[in-house]
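Examination of the molecular architecture
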Amino acid sequence: MSQLVIQNLHVSIGEKPIVKGLTLTINSGEVHAIMGPNGTGKSTLSKAIAGHPDYTITSGDVLIDGVSILAQEADERARAGIFLAFQYPSEIPGVSIANFLRAAQQARLAEGEEIDASAYYKRLYSKMDLLKIDRKFTSRAVNDGFSGGEKKRCEILQMAMLEPKFALMDETDSGLDIDALRIVADGVNTMRGPNLGVLLITHYQRLLDYIVPDHVHVMYDGRLVKSGDKSLALELEAKGYDWIKKELQAATA
Amino acid sequence: MSATTLTAPTTLTGSFTPAAFAAHLASLPPSLPTWWLDRKRAAYARFAALPLPSRTDEMWRFSNIGTLTLEGFTLPGAATTVPHAPIGIPKAAKLVFANGRLFSRQVLSPELAARGVIVDTLQNALVKHEALVREHLLAQPPKLGSPKFGALHEAFLADGAFISVPRDVQLDLPIGIFSYALGATAAVFPHTLVIAGENARVSVVEYFGSDSDDSAQFAAGANDLYAGHGSQISYIGKQDWSHRALSFQSNSTVVRRDARVQSLNLHLGARQARHESLSQLAAPGAFSEMLALTVAEAGQEFDQRTLQIHQAPNTKSDLLYKNALRGTAKTIFSGLIVVDPDAQKTDAYQSNRNLMLSDDAEACSLPGLEIQANDVRCTHGATSSRIDPEQEFYLQSRGIAKEQADELLTFGFFEEVLNRLANDDLHEALRTLIQTKFKK
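Criteria and thresholds
Residues numbered from 1 in each chain as written. Chains lettered and ligands numbered in written order. Predicted model: local features only at pLDDT ≥ 70, side-chain atom pairs only at ≥ 80, totals over all residues. Heavy atoms only, no water. Helix = DSSP H or I, 4+ residues; strand = E, 2+ residues; numbered from the N terminus. Rg over C-alpha atoms; globule rule 2.2 N^0.38 Å. Buried < 20%, exposed > 50% of the residue type's maximum accessible area, 1.4 Å probe, protein only. Contact = heavy atoms within 4.5 Å. Areas by Shrake-Rupley, 256 points an atom, 1.4 Å probe, with all protein chains shown as cover. Domains from an automatic or database assignment. Buried area = accessible area lost by both parts, 1.4 Å probe. Polar contact = N/O pair within 3.5 Å; in protein donor to acceptor, adjacent residues only side chain to side chain. Nonpolar A, V, L, I, M, F, W, Y, C, P; charged D, E, K, R; others polar. Salt bridge = Lys/Arg side-chain N within 4 Å of Asp/Glu carboxyl O. Pairing = 2+ DSSP bridges. Axes fitted to C-alpha atoms, helices over the stretch in contact; angles between N-to-C directions. Phe/Tyr/Trp six-rings, centres within 6.5 Å; stacked < 30°, edge-to-face > 60°.

Within chain B, the secondary structure is distributed over 11 helices and 20 strands. Since a compact globule built from 440 residues should have a radius of gyration of about 22 Å, the 21 Å found for chain B is in line with a globular shape. Taken over the C-alpha atoms alone, chain B extends approximately 65 × 50 × 45 Å along its principal axes. Burial status across chain B gives 57% buried among its 440 residues. Of all intrachain contacts in chain B linking residues separated by at least 6 positions in sequence, the fraction that spans at least 24 positions is 84%. Approximately 16,700 Å² of chain B is accessible, and the part contributed by carbon and sulfur atoms is 52%.

Residue and element names in this part refer to chain B. Domain parsing of chain B yields domain 1 (10-283) and domain 2 (388-440). For domain 1 and domain 2, the distance between their C-alpha centres works out to 30 Å. Contacts between the two partners involve 16 residues from domain 1 and, on the opposite side, 13 residues from domain 2. Both faces combined, the contact of domain 1 with domain 2 buries some 1,200 Å², and carbon together with sulfur accounts for 75% of it. For the interface between domain 1 and domain 2, the tally reads 2 residue pairs in polar contact (both at pLDDT 80 or more). Elements that contribute at least two residues to the side of domain 1 that touches domain 2 include exactly β8 (201-210), β10 (232-240) and β12 (260-267). Class assignment of the residues belonging to the side of domain 1 that touches domain 2 gives a composition of 11 nonpolar, 2 polar and 3 charged.

With that settled, the discussion passes to the interface of chain B and chain A. If you look at the interface, chain B gives 17 residues, while chain A gives 33 residues. Both faces combined, the contact of chain B with chain A buries some 1,800 Å², and carbon together with sulfur accounts for 63% of it. Three residues, Phe393, Tyr394 and Arg398 of chain B, lead the burial of chain B against chain A; their summed loss comes to 42% of the area buried on that side. Applying the counting rule to chain B against chain A returns 1 salt bridge. The residue Glu155 of chain A makes a salt bridge to Arg398 of chain B at a minimum N-O spacing of 2.7 Å. Where chain B meets chain A, there are 12 residue pairs in polar contact (both at pLDDT 80 or more). Elements represented by at least two residues in the side of chain B that touches chain A include exactly α9 (389-396) and α10 (402-418) of chain B.

We now examine unusual backbone geometry. All names here are of chain A. Non-glycine residue Asp65 carries a positive phi angle of around 50°. Counting through the fold element by element, Asp65 comes out in the loop between β4 (55-64) and β5 (67-68). Here the phi dihedral of Glu171 falls at roughly 45°; this positive angle occurs in a residue that is not glycine. Structurally, Glu171 is set in the loop between β7 (166-170) and α6 (178-191).

We now examine the sheet that holds strand β9 (residues 215-220) of chain A. Residue and element names in this part refer to chain A. With respect to topology, 6 strands assemble into an open sheet ordered β6-β7-β8-β3-β9-β10, the strand pairing being mixed. A strand with exactly one partner marks an edge of an open sheet, and here the two such strands are β6 (82-85) and β10 (223-228). Averaged over all neighbouring strand pairs, the angle between strand axes comes to 20°, with direction disregarded. For strand β3 (residues 31-35) and strand β8 (residues 197-202), the ladder comprises 5 bridges, and the chain directions are parallel. Across the sheet, residue Ala33 finds its bridge partner in β8, namely Leu200. The strands touched by helix α5 (residues 148-162) are β6 and β7; relative to β6, the strand with the most contacts, the crossing angle is about 170°. Helix-sheet contacts for helix α7 (residues 230-239) involve β3, β9 and β10, and the interaxial angle to β9 is about 45°.

What follows deals with the packing of aromatic side chains. Residue and element names in this part refer to chain B. Within this structure, the stated rule accounts for 27 aromatic pairs over all chains. Measuring from centroid to centroid gives 5.7 Å for Phe21 and Phe156, while their planes differ by 70°, and the two rings are edge-to-face. Taken together, the positions of Phe21 in helix α3 (residues 18-27) and Phe156 in helix α8 (residues 147-156) put the pair 135 residues apart, joining distant regions of the chain. Per residue, the accessibility class of Phe21 equals that of Phe156, and both read buried. Look at Tyr44 and Phe47: their rings are 5.7 Å apart centre to centre, the planes differ by 50°, and that puts the pair in the tilted class.

Structure representation (structure tokens):
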């Protein structure tokens, strides 16, 4: 049982403040969805937590089980249990998925300890079977020339292998057709359980038909402005984001 | 000491004095043909007369001329041991040279020998296969700026490898040639001559290594690849000399009708390494694929000069040289594609890609074209780039530390070249060699 606490977080890109005081607690076993219009800071939030060097955290904190991760490099945060599923995963020519995942596993071992290759492949293949991914997939270079669906499948496979405590899924549904969306949703649902907390970042309600969240939050202008259960997502789908904007304007008027 | 030695222009010959040359000639077996000894004497005369490259020499543009030296080297004696061979893949035959002398060998199977395949020393071949050697040994004049070092090689070449695969014979396993320089100031002159007869197929893996990374050695090597009608030659050269060595290597490839040659040179060692590679597409349908990978470390200079000459119609050449530079390393790539007037339908490609892993490294690129035919396709280009920060973050976000992430991305950068190899064992062996240098 773990807890990810985001405390009054402020994030800037260059001089420009994007996230302006966001607070959220995610416990293992919970699936939280953050919805909101474009340009409201959703992707910035996930990249800042994962440690992207272009994003500056100007104040606030992010803690895993009471320990701040903000002084850590991106790779240390990953080893501490954070997994960012990218909206646009990078292509890594010449590095096979198998070697990439192996390096990621090796990085989690103590200095001087060597990965057990046969146990690694056994585990890799069992995860692939679980996610219904063809074994030939792992000899391909990471995301190199992949379709949108293949890239997302690759993200899900990495997530399954790395077994994070918290997965931040950044607009995982963008640009996916319904079959690809289902692959992603099936993957997340398969891994969902008492050892994993999930933060789903999405623009559309569509993904939430497949991954049913425990909590739904609306993000607007760098803050969470409304929280509720899955019915909030349906309300947003029916009424659009203008409804939230009007409510906020009325409150601040 | 005689008066001639005292007055000889030592700056032009350095350690390779007339007396040293006389001693070298005296050390050769008496059975060698006269024409070869005459050629060596003529080569020595050229060497002794030619100046060292100068700053104004266009063929040496960007090269560090001040660090070229012929002083302080010795012609070493026979060796009693050689380092462990680093490429443990199955081979059809093997020749190991230490300080220019045959040290050990793995002979061909009786079946291959019976079919006329020859893997022997040059000294033996000069006697037993005189006509073939005379036709092909150093037959192409040096065109890439090193007539002095070419002449020095020919003058002091003691022994090397001779490989001949006759018509219609195809070897499944590669032939391994190992050349070691042993001793703190040893000078070596390795040579490999490969002749593929009509429709023959042969693969050669050559390794150049030293006893220690601290030896201030000297190497002036060369190889000749001759691909007869319809034949296939695959040549892999791994230059892993001491990091204090000064190295010159010249490759000459002649590709006849419908033949194809693939060469891949891996450059790891030496403090300063000049590599000149010439491909002549001599008859229609000829194809030469020229590949190179360089891992350049702090203080090393790798100077690569290439020439793709299309002499006949419907010929193809494809050059891809990739360098990864660390620390204060420097690389130079100067490549020229020449298309003769009647070489219509030439398809020539030339690409140099540099991955800059340090702000202090320097990569110079001089791609060039000289086209005299009007119906050709020639493309060339050079790029220098750094590690992409988004790729680096992607790897880091999976828990891989920055240093390992950069290493993986660099190996990925090299894979494009290694993937062109048909032999998986060789691909793996080369990858291991590169990784070893990275982890040093």
